[in-house]
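# Working through the structure, step by step
So you can see what is in the structure, the chains are spelled out below.
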Amino acid sequence: MPLEGCALCRSGETLGVVRDELVVTGAGRESRLRDALATVADRYDLVLIDCPPSLDQLTINALVAADAVLIVTQSKQASINGLVKLHETIDAVRRNYRADLTIAGVLAVKPLEVV
């Protein structure tokens, strides 16, 4: 049941196609999501963009579209090492596309236990 006043747009099987298209397209590929969200921005107070734990073109698009980043990470060494790469990526986005991009915070979560 949807929450009153909320909308959800989930990804589907075509997300891989979008990722591949972003890799091969030329100028402006980093701002495709920002441009798409601009057409509906007046309808929402807040837009949350959930990204997979990879630093590919989809994540770059999300960072360029965002005003702020909430980093969710597991409290294990491999995840902590990935934070360095993510910070480097955020710095690159700031230098090239969004100087005003901020880090809203870091949320460390306990890894799930497989039983």
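Residues numbered from 1 in each chain as written. Predicted model: local features only at pLDDT ≥ 70, side-chain atom pairs only at ≥ 80, totals over all residues. Heavy atoms only, no water.

What follows concerns the nonpolar core. Among the nonpolar cores identified, the biggest contains 10 residues, and these are I60, L63, V64, A66, V69, I71, L86, I90, V93 and L101. Those elements that place two or more of their residues in this core are α3 (57-65), β1 (68-74) and α4 (77-96). Non-local contacts of L63, meaning those with residues more than four positions away in its chain, are made with V69, T89, I90, V93, R98 and L101. (Core = buried A, V, L, I, M, F, W, Y, C linked by side-chain atoms within 4.5 Å. Buried < 20%, exposed > 50% of the residue type's maximum accessible area, 1.4 Å probe, protein only. Helix = DSSP H or I, 4+ residues; strand = E, 2+ residues; numbered from the N terminus. Contact = heavy atoms within 4.5 Å.)

Moving on: α4. For an α-helix, the turn length of 3.6 residues means that residues three or four places apart are oriented alike. For α4, spanning 20 residues, the distance from its first C-alpha to its last is 30 Å, which sits close to the expected 28 Å at 1.5 Å a residue. Among all positions of α4, only S79, L86, T89, I90 and V93 are buried. Seen end-on, α4 carries its buried residues on one side only, within an arc spanning 105 degrees. Away from the buried face of α4 by more than 90 degrees, exposed residues Q77, K85 and R95 are located. (Expected span 1.5 Å × (residues − 1). Arc of directions from axis to C-beta.)

Let's shift gears to α3. Across the nine residues of α3, nine count as buried, placing the element largely inside the fold. Restricting attention to buried positions, one finds in α3 the residues Q57, L58, T59, I60, N61, A62, L63, V64 and A65. Its side-chain oxygen at 3.2 Å from the backbone nitrogen of L58, D56 defines the N-terminal cap of α3. (Polar contact = N/O pair within 3.5 Å; in protein donor to acceptor, adjacent residues only side chain to side chain.)

We now examine the pairing of strand β2 (residues 102-109). Here seven bridges tie β1 to β2, and the two strands are oriented parallel to one another. Looking at β2, one finds that T73 is bridged to A108. Regarding the hand of the β-α-β motif, the stretch spanning β1, α4 and β2 is right-handed. (Pairing = 2+ DSSP bridges. Right-handed = clockwise from strand over helix to strand, strands pointing away.)

Next up on the list: the pattern of salt bridges. Enumeration according to the criterion identifies four salt bridges in this entry. The salt bridge involving R94 is made with D91; its shortest N-O contact spans 3.1 Å. With R94 and D91 both in helix α4 and three residues apart, the pair spans about one turn of that helix. D100 is the salt-bridge partner of R98, the closest N and O atoms lying 2.8 Å from each other. R98 gets classed as buried once you look at its relative accessible area, which sits at 11%. Relative accessible area serves as the criterion here: at 47%, D100 is assigned to the partly exposed category. Several salt bridges converge on common partners, so that one network encompasses D67, R98 and D100. (Salt bridge = Lys/Arg side-chain N within 4 Å of Asp/Glu carboxyl O.)

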